[in-house]
Amino acid sequence: MFETKLLVDTGIAYARLGEPARAEPLITEGLRRENVDQQRGRAFHAYWLASAQLQLGKLDEACTNAGLALDLAAAIDSPRVSGHVQELHRRMLPYAREAPVLAFEQRMREALG
């Protein structure tokens, strides 16, 4: 468990430092290892993974993981995670006409009203 947290936290640090290529594999592995019952942590980690993937131009993956974060945030009723996902959506605006973003926007409308 400690190793998983360290993986994810290191990945988040790289994402915050603007090094998404170093962040993505760490957060991905951390999410893979993380206990599925840890929904709040998984929601934040999915957000950070989506954020790194958006920085890398991986729009499909970013939207998939943003959707996961959104679903988990709705399940645990977390306004904080929802706010992060909405902020990520704003960063997707340059890609507003792309199919993955359109599908993600639909999911947001359904989840957040």
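Each value, and the rule that gives it
- Residues numbered from 1 in each chain as written.
- Predicted model: local features only at pLDDT ≥ 70, side-chain atom pairs only at ≥ 80, totals over all residues.
- Heavy atoms only, no water.
- Phe/Tyr/Trp six-rings, centres within 6.5 Å; stacked < 30°, edge-to-face > 60°.
- Core = buried A, V, L, I, M, F, W, Y, C linked by side-chain atoms within 4.5 Å.
- Buried < 20%, exposed > 50% of the residue type's maximum accessible area, 1.4 Å probe, protein only.
- Helix = DSSP H or I, 4+ residues; strand = E, 2+ residues; numbered from the N terminus.
- Contact = heavy atoms within 4.5 Å.
- Expected span 1.5 Å × (residues − 1).
- Arc of directions from axis to C-beta.
- Salt bridge = Lys/Arg side-chain N within 4 Å of Asp/Glu carboxyl O.

A.B. asks: Teacher, can you tell me more about the packing of aromatic side chains here?
C.D. replies: The description of an aromatic ring pair uses the distance of the two centres, along with the angle that the planes make with each other. Inspection of every chain in the model, using the stated rule, returns one aromatic pair. With a centroid separation of 5.2 Å and an interplanar angle of 70°, the aromatic rings of tyrosine 47 and tryptophan 48 are classed as edge-to-face.

A.B. asks: Looking at this structure, how should I read the nonpolar core?
C.D. replies: Nonpolar side chains tend toward joint burial in soluble globular proteins. Ile27, Leu88, Met92 and Phe104 are the most contacted members of the largest nonpolar core, which has 31 residues in total. No other element matches the nine residues that helix 3 (residues 39-55) contributes to this core. The contacts of leucine 88, once residues within four sequence positions are left out, are Tyr47, Ala50, Ser51, Leu54 and Ala66.

A.B. asks: Before we go on, may I ask you to explain the side chain of histidine 89 in this structure?
C.D. replies: Of note, histidine 89 is situated in helix 5 (residues 79-91). Residues within four places of histidine 89 in sequence aside, it is in contact with Phe104, Glu105 and Met108.

A.B. asks: Sorry if this is basic, but what is going on with helix 6 (residues 99-112) here?
C.D. replies: Working note: α-helix, 3.6 residues per turn, so residues spaced by three or four point in the same direction. Counted at 1.5 Å a residue, the expected span for helix 6 with its 14 residues is 20 Å, and the 20 Å between its end C-alpha atoms agrees. Taken together, the buried positions of helix 6 are occupied by Pro100, Val101, Phe104, Glu105 and Met108. Buried residues of helix 6 fall within an arc of 135° about the axis and therefore sit on the same side. Exposed residues on helix 6 whose side chains face more than 90 degrees from its buried face are Ala99 and Glu110. In this structure, the buried side of helix 6 is in contact with helix 4 (59-76) and helix 5. Backbone geometry just after helix 6 places glycine 113 at a positive phi near 80°.

A.B. asks: Is there a simple way to think about the pattern of salt bridges in this case?
C.D. replies: Should the charged atoms of two oppositely charged side chains come close, the side chains can pair. If you walk through the whole model with that rule in mind, you get eight salt bridges. One salt bridge connects aspartate 9 with lysine 5, and the closest N-O pair in it is separated by 2.7 Å. Taken together, the positions of aspartate 9 and lysine 5, both in helix 1 (residues 2-16) and four residues apart, correspond to about one turn of that helix. Residue aspartate 9 is classed as partly exposed on the basis of its relative accessible area, which comes to 34%. For lysine 5, a relative accessible area of 52% corresponds to the exposed category. Among the ionic pairs, arginine 32 bridges to glutamate 29, the shortest N-O distance being 2.5 Å. A residue pair is termed a helical-turn pair when its members lie 3 or 4 positions apart in one helix, as arginine 32 and glutamate 29 do in helix 2 (residues 20-33) at three residues.

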